[in-house]
Amino acid sequence: MGRAFEYRKATKLKRWGHMARTFTKIGKQIAIAVKAGGPEPDTNPSLRAIIATAKRENMPKDNIERAIKNALGKDQSEYKAMTYEGYGPHGVAIFVDTLTDNPTRTVGDVRSVFNKFSGNMGTSGSLSFLFDHKCVFTFKKKDGLDMDEMILDLIDYGVEDEYDEDEEENSITIYGDPKSFGAIQKHLEENGFEMMGGEFTYIPNDLKDVTPEQRETIDKMIEKLEDFDDVQNVFTNMKPE
């Protein structure tokens, strides 16, 4: 297993929080995809990827269809993707991914949590040296799949030769250049792979050790951030337990 898989597996529940909150976050992603590329998954690759993720998170079909329908409404808000970054307690680096219709409100909410936990928000890009920004695709493994050959086919899209296999889910997860999200998705679909999700992530390249007491404080900060509906994901360089 690669470092990316172990990090994502250890932090998944902390990133997503409760199920209802998860559905709210996915609903915003659906709204953005629909407004950008239309309501038909067959002609909207971004929407297809989000629906695959929604299904993997056990989001009911009715909820998915309702989110698509709501996105077509004239009164629906326009969401923007905003990322905030800084240092939390004990020098742990934190990325906060948001989708918001009111950046002023969102930055105020995020800043209030950083302040409450004696952290400091930085400028955009100030933590880029600590994290690798990647696109991530998970798909069902085919019988007889030659991963070396597959990686070779995708090397022009910045896909890493290190991939992760989940025997329990019978799935493969690959990591690539975020700019190649659409091209990688197209390749997978054209080659008949069953998509289980596509997303963007920040993977720390240098994990920070913390004590159990420090971890408890940082976990509380992450939970406070994730309480906001605008917050999609929280990524840190804290070493998983």
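Anyway, here's the lowdown on the structure attached to this text. (Residues numbered from 1 in each chain as written. Predicted model: local features only at pLDDT ≥ 70, side-chain atom pairs only at ≥ 80, totals over all residues. Heavy atoms only, no water.)

**Quick word on the packing of helix α3 (residues 45–56) against helix α7 (residues 181–190)**
Interhelical geometry of α3 versus α7 gives an angle of 70° and a closest axis separation of 10 Å. The pairing of α3 with α7 is recorded here as roughly perpendicular in orientation. Contacts from P45, S46, R48 and A49 of α3 reach α7 at F181, Q185 and E189. When the residues that make up the contact of α3 with α7 are grouped by side-chain class, the tally is 3 nonpolar, 2 polar and 2 charged. (Axes fitted to C-alpha atoms, helices over the stretch in contact; angles between N-to-C directions. Helix = DSSP H or I, 4+ residues; strand = E, 2+ residues; numbered from the N terminus. Parallel < 35°, antiparallel > 145°, perpendicular 65-115°, else oblique. Contact = heavy atoms within 4.5 Å. Nonpolar A, V, L, I, M, F, W, Y, C, P; charged D, E, K, R; others polar.)

**What to know about the pattern of salt bridges**
Between side chains of opposite charge, a pair can form when the charged atoms approach closely. As enumerated under the stated definition, the model contains 10 salt bridges in all. For K28, the salt bridge is made with D230, and the minimal N-O distance between the two is 2.7 Å. Residue K28 is found in helix α2 (residues 19–37), and its partner D230 is found in the loop between α8 (212–226) and β8 (231–236); the two are separated by 202 residues along the sequence. We classify D230 as buried; its relative accessible area is 7%. For R105, the salt bridge identified is with D230, shortest N-O distance 2.8 Å. With R105 in helix α5 (residues 103–116) and D230 in the loop between α8 and β8, this pair connects stretches of sequence that are 125 residues apart. Ionic contacts of the salt-bridge type, sharing partners, join the residues K28, D101, R105 and D230 into one network. (Salt bridge = Lys/Arg side-chain N within 4 Å of Asp/Glu carboxyl O. Buried < 20%, exposed > 50% of the residue type's maximum accessible area, 1.4 Å probe, protein only.)

**What about the environment of P41?**
When you line up the elements, P41 lands in the loop between α2 and α3. On the basis of relative accessibility, which here comes to 26%, the residue P41 falls in the partly exposed class. Measuring from C-alpha to C-alpha, the distance between P41 and D109 comes to 34 Å, with 68 residues separating the pair along the chain. If we skip the residues at most four places from it in the chain, P41 touches L47, R48 and I51.

**A short note on unusual backbone geometry**
Residues other than glycine seldom take positive phi values, yet N58 does so here, at roughly 65°. Checked against the element boundaries, N58 lands in the loop between α3 and α4 (61–71). For H90, which is not glycine, the phi dihedral falls at a positive 65°. Secondary-structure assignment places H90 in the loop between β1 (80–87) and β2 (93–100). Of the residues examined, H90 reaches a relative accessible area of 39% and is grouped as partly exposed.

**Description of the sheet that holds β2**
Ordered in space as β3-β1-β2-β8, the 4 strands form an open sheet in which the pairing is antiparallel. The open sheet terminates on both sides in strands that have one partner only, identified here as β3 (120–121) and β8. Relative to β2, β1 runs antiparallel, the two being bridged by 8 bridges. Opposite Y87, over in β2, you have A93 as the bridge partner. (Pairing = 2+ DSSP bridges.)

**Here we look at the environment of A54**
For A54, the location among the structural elements is in helix α3. Of the residues examined, A54 reaches a relative accessible area of 0% and is grouped as buried. Those residues within four positions of A54 in sequence are excluded, and the remaining contacts are I26, M59 and I64.

**Some words on the packing of α5 against α8**
At their nearest, the axes of α5 and α8 sit 10 Å apart, and the two run at 165° to each other. As the angle between them shows, α5 and α8 are arranged roughly antiparallel. Crossing of α5 against α8: the hand is right-handed. Here V110, V113, F114 and K116 of α5 lie close against α8, whose contacting residues are M221, K224 and L225. Classifying every residue of the contact of α5 with α8 by side-chain character gives 5 nonpolar, no polar and 2 charged. (Left-handed = near helix turned anticlockwise from the far one by under 90°.)

**Some thoughts on α4**
The set of residues buried in α4 consists of I64, A67, I68 and A71. Seen end-on, α4 carries its buried residues on one side only, within an arc spanning 95°. Among the exposed residues of α4, those pointing more than 90 degrees away from its buried face are D62 and K69. (Arc of directions from axis to C-beta.)

**Describing helix α6 (residues 147–154)**
Residues of α6 that are buried: M147, M150, I151 and L154. Projected onto a plane normal to the axis of α6, the buried residues spread over an arc of 100° and lie on a single side. Away from its buried face, by an angle of more than 90 degrees, α6 presents the exposed residues D148 and L152. Close packing links the buried residues of α6 with β4 (131–140), β6 (171–176) and α7. Two or three places before D148, at the opening of α6, D146 has a side-chain oxygen 3.1 Å from that residue's backbone nitrogen. (Polar contact = N/O pair within 3.5 Å; in protein donor to acceptor, adjacent residues only side chain to side chain.)

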